Amino acid sequence: MTKKNGETVKGSRVTQLFNIKNDPWEVYDLSFFPEYAEQVKTMRKEMKEKANELGDTKENIEGEKYGFWEFY
């Protein structure tokens, strides 16, 4: 087991972006389209900042071996 593949099913550590208004069943992942690249980048930045603010790190989760942000 390596840090790269962790203990997850392949493909489960991905960013997804959906238009809930037009796609309530979350069928069409928009995160791979170039026109959404900046929005995805902004979302990741804001999520990381909030995680740090809330102390959401592997050190604060008993038994956690991998840090979420080590993969992004």
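Every residue gets a number counted from 1 within its own chain, in the order that chain's sequence is written. pLDDT decides what is reported in this predicted model: residues at 70 or higher carry local features, side-chain atom pairs at 80 or more are listed and counted, and totals for whole chains, interfaces and linings draw on all residues regardless. Hydrogens and waters are ignored; side-chain quantities use all the structure's heavy atoms.

## Focus on the overall build of the chain
- The number of helices and strands found in the chain is 1 helix and 0 strands.
- A 1.4 Å probe rolled over the protein chains alone gives each residue an accessible area, and that area as a share of the maximum for its type sets the label: buried under 20%, exposed over 50%, partly exposed in between. Per-residue burial for the chain yields a buried fraction of 18% across its 72 residues.
- Taking contacts inside the chain between residues at least 6 apart in sequence as the whole, the part at least 24 apart equals 39%. Put simply, DSSP H or I for four residues or longer makes a helix, DSSP E for two residues or longer makes a strand, and each gets a number counted from the N terminus. The contact criterion used is simple: two residues touch if any of their non-hydrogen atoms lie within 4.5 Å.

## Some details on the side chain of S31
- For S31, the position within the fold is in the segment before α1 (37–54).
- Given the relative accessible area of 14%, S31 is considered buried.
- N or O atoms closer than or at 3.5 Å make up a polar contact, with two conditions inside protein: a donor-capable atom paired with an acceptor-capable one, and, for residues adjacent in sequence, both atoms drawn from side chains. For S31, the side chain forms a polar contact with the main-chain oxygen of T15, separated by 2.9 Å.
- Among the polar contacts made by the side chain of S31, one reaches the side chain of D29 at a distance of 2.8 Å.
- When neighbours within four sequence positions are excluded, S31 is seen to be in contact with T15, Q16, L17 and V40.

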